[in-house]
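Chain residues, written in single-letter form:
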Amino acid sequence: MTDTAEFWFDPRCPFAWISSRFMLEVEQVRDVKVTWRIMSLAYLNADKDIPQEYRDMLADAWELVRLCMAVEQQHGQAELLALYTALGTRLHNEGRDQSRELAEEALAEAGLPRELADAMTDDSYDEAVKRSHHDGMDQVGDDVGTPTISVNGTAFFGPILGSIPRGEQAGAIWDGAVAMAAYPEFYELKRSRSGGLDFS
């Protein structure tokens, strides 16, 4: 039986980036179909009491989710994933700052027109971003963010991983998620995080 997963991401989130690469590994070793969905950290935190440093970091965060929405609407799921991969590699693996130049490079790598970068400043995409955001976040509550994954119709915040599980190890972690999702009264596993993030 094919498992289904919906994965909500904001391309700026390093935790979502690691978890998204985990899901790509899972697809190689398990019968699972992933649908890539967009959420917005800027929208999520707009009315929250957050540190000014974090608010400043989110000041331009709408730009990349708008770009992702434009690509999904105009080109589809495969191209959305290709763009996310190209963006995430630059932002997280290479540690580069967000810019139009970076977005245009990512679009070109994904085989998409560079002029789609105009979507970054086009707020006509915001309502579609908000709808996609609510499709995920409304399932898991107010105190979470990205990554959010729906496993066979049951959504959770996480998994939060410090590095990317590979091969059968990724499959085993996925098996655990499927098992927990099948129990309707399961809600949370959590422990304090230690150490940095490994994007390799």
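The coordinates are above.
Predicted model, so just to flag it, every value in this text is computed and none were measured.

Visitor: Help me understand the environment of Tyr84 in this model?
Guide: Note on placement: Tyr84 falls in helix H5 (residues 77–93). By relative accessible area, which is 1% here, Tyr84 ends up buried. With 19 residues separating them along the chain, Tyr84 and Val65 place their C-alpha atoms 9.9 Å apart. Dropping the residues within four chain positions of it, Tyr84 is found in contact with Phe9, Pro11, Ala16, Trp17, Ser20 and Arg21. A polar contact is formed between the side chain of Tyr84 and the backbone oxygen of Ala16, at a distance of 3.4 Å. Among the polar contacts made by the side chain of Tyr84, one reaches the main-chain amide nitrogen of Trp17 at a distance of 3.4 Å.

Visitor: Even after reading the chapter, I still don't get the pairing of strand S4 (residues 154–157), so can you show me in this structure?
Guide: Two faces make up the sheet, and in a regular strand the side chains alternate between them. Note: strand S3 (residues 148–151) against S4, four bridges, orientation antiparallel. Residue Ser150 lies in a different strand from S4, and its bridge partner there is Ala155. As consecutive antiparallel partners, S3 and S4 are separated by two residues, and within that stretch Asn152 has a phi angle of approximately 50°, a positive value.

Visitor: Just checking my understanding: could you explain the pattern of salt bridges for this structure?
Guide: It is possible for side chains bearing opposite charge to pair when their charged atoms get close. Taken as a whole and assessed by the stated rule, the structure comprises 14 salt bridges. Among the salt bridges present, the one from Arg12 reaches Asp60, with a minimum N-O distance of 2.8 Å. Here the residue Arg12 occupies a position in the loop between strand S1 (3–9) and helix H1 (14–29), and Asp60 occupies one in the loop between helix H3 (52–57) and helix H4 (62–75), the gap between them amounting to 48 residues. Classification of Asp60 by relative accessible area gives partly exposed; the value is 27%.

Visitor: Please clarify how the side chain of Asn45 should be interpreted in this entry.
Guide: Along the chain, Asn45 falls in the loop between helix H2 (41–44) and H3. You can call Asn45 buried: its relative accessible area is 8%. A distance of 2.9 Å separates a polar atom in the side chain of Asn45 from the backbone oxygen of Leu41. Discounting residues that sit within four places of it in the chain, Asn45 has contacts with Ile50, Tyr54, Arg55 and Leu58.

What counts and what doesn't
Residues numbered from 1 in each chain as written. Predicted model: local features only at pLDDT ≥ 70, side-chain atom pairs only at ≥ 80, totals over all residues. Heavy atoms only, no water. Helix = DSSP H or I, 4+ residues; strand = E, 2+ residues; numbered from the N terminus. Buried < 20%, exposed > 50% of the residue type's maximum accessible area, 1.4 Å probe, protein only. Contact = heavy atoms within 4.5 Å. Polar contact = N/O pair within 3.5 Å; in protein donor to acceptor, adjacent residues only side chain to side chain. Pairing = 2+ DSSP bridges. Salt bridge = Lys/Arg side-chain N within 4 Å of Asp/Glu carboxyl O.

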